[in-house]
Amino acid sequence: MLLINPELYPLLTNKPLPENETLPTSNLLLGSIAYEVAEKLNKMPRFFRRNRHLLTCHQCGQREKYNIGQPLLDYSIVDRSKLVTQEITVMDKVQFPFYFRCVHCNAAGEWTWSDRLEKAVYLGALGNTENPDNPSIPLNGESRLFDDYKPKWAAQGEEHILKLIKQDQTNAFLWYTLGNLYYKSHRADLAAAALEKAVELDPTHTEALYTLAQILDTVNLDASQYYFHNVLLTVSTYNDMDVHMLRDVAAHSIWELESMYKESEGKLPVFPSAKAAKHINDSSLHEFLSRTEEEKMNFLNDSDINAKTLDSFYPLAELFLGKQKEKLPKKEQTFHHIVHPEVAKQKQANLEKYKQIRSAGMQLHADIFSYLVEQNGPHTLREVSRFLNISFENEEAFDRDVMTDFAIYEYDWNGEKAVQKYKQDHEEADERLQILEAADNAWSSLFQVKDASKIDGTVLLEDLIYEMDIEIIDNHFSATVDSDELLLYTRILPFSTFNITSGISFLFGKDDSSYLLNQWEKQKEKTEPENRSPYCFKKFYQLYKRADLGLPLDFQTTK
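Remember, predicted model here, so these are calculated numbers, not experimental data.

Participant: Teacher, can you tell me more about the pattern of salt bridges here?
Facilitator: Applying the stated criterion across every chain yields a total of 26 salt bridges. The structure contains a network of salt bridges with shared partners spanning Glu142, Arg144, Asp148 and Lys150.

Participant: Would you mind going over the side chain of His252 with me for this structure?
Facilitator: Looking at the element boundaries, His252 is found in helix α10 (residues 243-263). Taking relative accessible area as the criterion, His252 reaches 19% and is therefore assigned buried. Leave out the neighbours within four places in its chain, and His252 touches Tyr210, Gln214 and Leu310.

Participant: Whenever I open this one, unusual backbone geometry confuses me. Can you help?
Facilitator: Trans is the prevailing form of peptide bonds, just as negative phi is the prevailing case for residues other than glycine. The backbone of Asn14 sits at a positive phi, close to 60°, despite the residue not being glycine. One can find Asn14 in the loop between α1 (8-13) and α2 (34-39). Classification of Asn14 by relative accessible area gives exposed; the value is 60%. Residues other than glycine seldom take positive phi values, yet Asp148 does so here, at roughly 75°. With respect to the secondary-structure elements, Asp148 resides in the loop between β5 (139-140) and α5 (154-167).

Participant: Sorry, what's going on with the nonpolar core here?
Facilitator: The tendency in soluble globular proteins is for nonpolar side chains to be buried side by side. In terms of nonpolar packing, the biggest core is built from 81 residues, with Trp175, Leu178, Tyr182, Ile254, Phe271 and Phe320 touching the most fellow members. Counting residues in hydrophobic clusters, the runner-up holds 52 residues, among them Met403, Ile465, Trp520 and Tyr541.

Participant: When you look at the environment of Arg52 in this model, what are you seeing that I'm missing?
Facilitator: Inspection of the secondary structure assignment puts Arg52 in strand β1 (residues 52-57). Relative accessible area serves as the criterion here: at 36%, Arg52 is assigned to the partly exposed category. Considering only alpha carbons, one finds Arg52 and Gln70, 18 residues apart in sequence, at a separation of 9.3 Å. Not counting residues within four places of it along the chain, the set of residues in contact with Arg52 comprises Lys65, Tyr66, Asn67 and Arg116.

Participant: For this particular structure, what's the right way to read the sheet that holds strand β8 (residues 468-473)?
Facilitator: Each strand in a sheet pairs with its neighbour through backbone hydrogen bonds, running either in the same direction (parallel) or in the opposite one (antiparallel). Taken together, the 5 strands give an open sheet; going across it, the order is β8-β7-β6-β9-β10, and neighbouring strands pair in antiparallel fashion. Among the strands making up the open sheet, the edge pair consists of β8 and β10 (499-509). Averaged over neighbouring strand pairs, the angle between their axes works out to 40° when direction is ignored. Note that strand β6 (residues 443-453) and strand β7 (residues 458-463) share 6 bridges and pair antiparallel. Within the sheet, the bridge partner assigned to Phe447 lies in β7 and is Asp463. Of the strands in this sheet, β7, β8 and β10 touch helix α15 (residues 341-376), which is tilted by about 85° from β10.

Reading guide: rules and limits
Residues numbered from 1 in each chain as written. Predicted model: local features only at pLDDT ≥ 70, side-chain atom pairs only at ≥ 80, totals over all residues. Heavy atoms only, no water. Salt bridge = Lys/Arg side-chain N within 4 Å of Asp/Glu carboxyl O. Helix = DSSP H or I, 4+ residues; strand = E, 2+ residues; numbered from the N terminus. Buried < 20%, exposed > 50% of the residue type's maximum accessible area, 1.4 Å probe, protein only. Contact = heavy atoms within 4.5 Å. Core = buried A, V, L, I, M, F, W, Y, C linked by side-chain atoms within 4.5 Å. Pairing = 2+ DSSP bridges. Axes fitted to C-alpha atoms, helices over the stretch in contact; angles between N-to-C directions.

Next comes the structure, spelled out in structure tokens:
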């Protein structure tokens, strides 16, 4: 028996509750989708574990077993020492997330709980339990509404929101908040009714549409598709959600719609029509939606969406965001994969090749260094450390990486660099040969970070010494760099379709660019072109080690 609050019915229907309804149920909400959802309530996802206990209703004194869900408790506010001495009680701090009402009088106020429940809550709060899987032991957390109200029982949260709705019955946000509370407290039938009301009041309320679509996913695919489509049609104008969350909502909606298309054997289209989306100011979206259904599905099947991760749907989701996507940091934008698909395919192919090159490069570097030791003896690294003025006994892990990189690519070993000597003495192929050939054309310089793309793994750099732009691939750096105020001194290895670094970089702040360029000019004056690179590397390493210049970043040890 799915009882409802008597005050909910008139607010939803604008009609008084029938006088003969002393125990009103969600059956009264016929004409909405609430009844359909109620029929399949047990198939709905639960946010909390099932947990039945005997409770006594304070209003009528009747005792009955109810599913109260796994309790919530903010353990940070519990002083366990005072619990042991019984100076405080924990039961006034615990919250019960499932929505239920007294089956005898329909009250939902205070209850008297069993000794079994109280014991489990106390043991959980003390961190001492014989059965850690007991659903009566509280989860660490709390239930808090938008205005910071913390209800002990889910029904108290309902009462709180209903009071606010009575003061402003046309407020779609309040109805959405009520629907969300019902949904998380395992009353999806009431959630559907409240969310329908929110959408009736504001058809562009993306969050209400999205939650309603999720509820209907296991109940009515046609209705769920309708609401997911409307999610996509409203995200471009919805301003009450962070743009990253908004993109996730749009991406997940497309993911669900693709599943519905397959489940319905193509009867339920993934995307809304171009006509329905005409209000979204994005020509690329209109072009995409104007394609035939077969062309759109071919795009889904040929793209990275087959990876079935949420971010693989980001490019399409961003098209639906319209101008909202401009709020995303440029490095996180992905819609160019739709706008320029051929370029995007090439970048993804480059990224896969980059991963192969990096993997091969790790072993190649180890082999070259072993070759160096064979040729020059066990003191090879000591010789390099003396040149770079690095204390061999006290060097850090990064210093050792610097010495290894320098020994391989920069140091003069009897007139030749190690990579050149190794290439002459070894037959290599595939990625290993490509790395050795790229090393022949490598150069080091001071660069300013201009832009990055996380999805492509690329970073756009401006070469401040040779005055040109260059794009590199670095999967880690592209995902973590968040500023165009950074400079890095690094070595570039050029390949046929992309560039990478050799793995070591020295990071500086943009404000120091004049000073750093001046230091490079001084090195230029002191050295001949053919000998300049190792001495510049040494100088910029020393500058990086200065506390007032060098900036730490994991990128520096990425290989």
